[in-house]
Amino acid sequence: MEHIGLFCAASDRLEASYYDLAGAFGRFVGERGLTLVYGGADSGLMESAARGVKDAGGHVVGIVPRRRVSRYVDEVVPCHDLSDRKAIMVERSDVLVALPGGIGTLDEVFTVMAANSIGYHRKKVVLFALDGFWDGLVAVLQEMDRRGFVNVPLGQYLAVARSWGELQAVLA
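Okay, so let's go over this structure. No experiment lies behind these values; they were computed from the predicted model shown. The numbering scheme is per chain: residues are counted from 1 as the chain's sequence reads. Under the rules for a predicted model, residues below a pLDDT of 70 receive no local features and side-chain atom pairs below 80 are neither given nor counted, while totals for whole chains, interfaces and linings still include all residues. Neither water nor hydrogens contribute to the side-chain values; these are computed over all heavy atoms in the structure.

**Observations regarding unusual backbone geometry**
Positive phi is not limited to glycine here, since Asp131 has a value of about 60 degrees. For helices the rule is a DSSP run of H or I covering at least 4 residues; for strands it is a run of E covering at least 2, with both sets numbered from the N terminus onward. Inspection of the secondary structure puts Asp131 in the loop between strand 6 (125-128) and helix 5 (135-146).

What follows is the structure, given as structure tokens:
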């Protein structure tokens, strides 16, 4: 896997530990010579991750529906709107990782998982659940599966990494 798509918060109102996590994730990507594909924002966890990639000498691709682009982007790919951005991110990524995020991140995660489950692509979403951030969502998905609402095994399109080692194993 060479191109890592990233979904995460663009908020500038989070606890410092989330920005630290995003920066560490970016360095993790950059140190491995991988390319980060993300929404191109100049704020929040998105910017922290992009800065981490650049600090580690990596390459950053920003898929941007607006003019305000992070200074850490090496390649800008314009798009029309958020739906177009998701489609381009999936196309340009080998796997998509979700760091902590809000409604937009959930939308992105579910769009990728739904498209995989009906055969549009075979790309996984990795929920990076450090400190249990995604545990509630994982429990809901497992319950949906248990009750028969998931037609394709969750493992086909979803992975959960709860440590840096697990993340590295999933991305290997």
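Additional details are given in the paragraphs that follow.
**Things to note about the pattern of salt bridges**
Here, a salt bridge means any side-chain nitrogen of Lys or Arg that lies within 4 Å of a carboxyl oxygen of Asp or Glu. Applying the stated criterion to the full structure yields eight salt bridges. Where Arg92 meets Glu75, a salt bridge forms, and the shortest distance between an N and an O atom there is 2.9 Å. With Arg92 in helix 3 (residues 82-92) and Glu75 in strand 4 (residues 75-78), this pair connects stretches of sequence that are 17 residues apart. Under the scheme applied here, a residue whose accessible area is under 20% of the maximum for its type counts as buried, over 50% as exposed, and between as partly exposed, the area being computed with a 1.4 Å probe on protein chains only. A relative accessible area of 28% means that Glu75 is categorised as partly exposed. Residue Arg85 pairs with Glu108 through a salt bridge whose shortest N-O separation is 3.5 Å. Residue Arg85 is found in helix 3, and its partner Glu108 is found in helix 4 (residues 103-117); the two are separated by 23 residues along the sequence. Look at Glu108 and you get buried, because its relative accessible area is 8%. One connected set of salt bridges, linked through shared partners, spans Glu143, Arg146 and Arg147.

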